[in-house]
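# Report on the structure
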Amino acid sequence: FLVILGIMVALMNSAGGSAAFGKWAAKHIKSKVGAQLVTMLLGCLIFIDDYFNCLTVGSVMRPVTDKHKVSRAKLAYIIDATAAPVCIIAPISSWAAAVSGFVEGEDGFSVFIRAIPYNYYAIFTMIAMVTMILLKVDFGPMRKFENKMTATELVKAVETSETEDEKGESDTDKDLRPGGVVDLVLPVVVLIVLCVLGMIYSGGFFDAESESYLRFQDAFSNSDASVGLLLGSFGALIITVIYYMFRKVLSFKDSMECV
């Protein structure tokens, strides 16, 4: 599952979806608080896996937060403090699959669902993040990093970011990066939808004869999260490759290089 997610990140970066979203965000975000809130919001939307979350949000939002004088340390903190808490309280995620597998003698997925309201670390971390961003509160070593983000260091960070982007374009050929925002959003949406379908499929949703609502509940309770996530991510990978070829943002050869 994680290997397939890594391939999808490589595909989205090569197709230009991540870069296009970053440019769109740079035009619409007007403040430092806004840049941090959008980083957190994007992290909440990509709840399927924390590694996938960090890889995607980090590459997309780094140029935006550099522009608004958010230190790299603060960006890393926001991404990390959003990724894991969101994934541990999201029923459809790699964390759900892992935690459910440790439960013996009882329905692991059902236990995971019932435990969500008691996951105080995740809940209070999210609340604390929003509070610190809105109130512009930094303390300890983080305050030092934020204070050091002067205009000079900002220019240096932006130049470094642009140099890395230019190097990436030269390595993958600029012609391979004509994609738009949809080339980032659509694969993520497809991934989430197919992972949900994979979960209920592994739980026997399409085999049962009871009413749809009851079948859906029972399928989630009886699902094998690891199997469902694998099926869903593999299906999303196939659809993403076909979609990029249809859009002509990546050829089949380019897609296989990402794989």
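The shown structure was predicted, so the numbers you read here are calculated from the model rather than taken from an experiment.

## Side note on the pattern of salt bridges
Any two side chains of opposite charge can pair, on the condition that their charged atoms come close. Taken as a whole and assessed by the stated rule, the structure comprises four salt bridges. Put simply, Arg72 and Asp66 hold a salt bridge, and the shortest N to O gap is 2.7 Å. Note that Asp138 is salt-bridged to Lys74, the shortest N-O span being 2.9 Å. Here the residue Asp138 occupies a position in the loop between α8 (120-135) and α9 (141-148), and Lys74 occupies one in helix α5 (residues 72-88), the gap between them amounting to 64 residues. By the burial criterion, Asp138 is buried, and Lys74 matches it.

## Details of the nonpolar core
Generally speaking, soluble globular proteins have nonpolar side chains that are buried together. Membership of the largest hydrophobic core comes to 46 residues, with the highest contact counts inside it found for Leu11, Phe52, Met61, Leu191 and Tyr244. With eight residues, the top contributor of residues to this core is helix α1 (residues 2-15). Here Leu191 is in contact with Leu5, Met8, Ile48, Phe52, Ser233 and Ala236, once residues within four sequence places are set aside.

## Observations concerning the packing of aromatic side chains
Counted by the stated rule, this structure contains three aromatic pairs. Geometrically, the ring pair formed by Phe21 and Trp24 is tilted, given 5.7 Å between the ring centres and 40 degrees between the ring planes. On the criterion of helical spacing, the pair formed by Phe21 and Trp24 is a turn pair, its members being three residues apart in helix α2 (residues 17-28). Relative accessible area serves as the criterion here: at 43%, Trp24 is assigned to the partly exposed category.

Quick notes on the rules
Residues numbered from 1 in each chain as written. Predicted model: local features only at pLDDT ≥ 70, side-chain atom pairs only at ≥ 80, totals over all residues. Heavy atoms only, no water. Salt bridge = Lys/Arg side-chain N within 4 Å of Asp/Glu carboxyl O. Helix = DSSP H or I, 4+ residues; strand = E, 2+ residues; numbered from the N terminus. Buried < 20%, exposed > 50% of the residue type's maximum accessible area, 1.4 Å probe, protein only. Core = buried A, V, L, I, M, F, W, Y, C linked by side-chain atoms within 4.5 Å. Contact = heavy atoms within 4.5 Å. Phe/Tyr/Trp six-rings, centres within 6.5 Å; stacked < 30°, edge-to-face > 60°.

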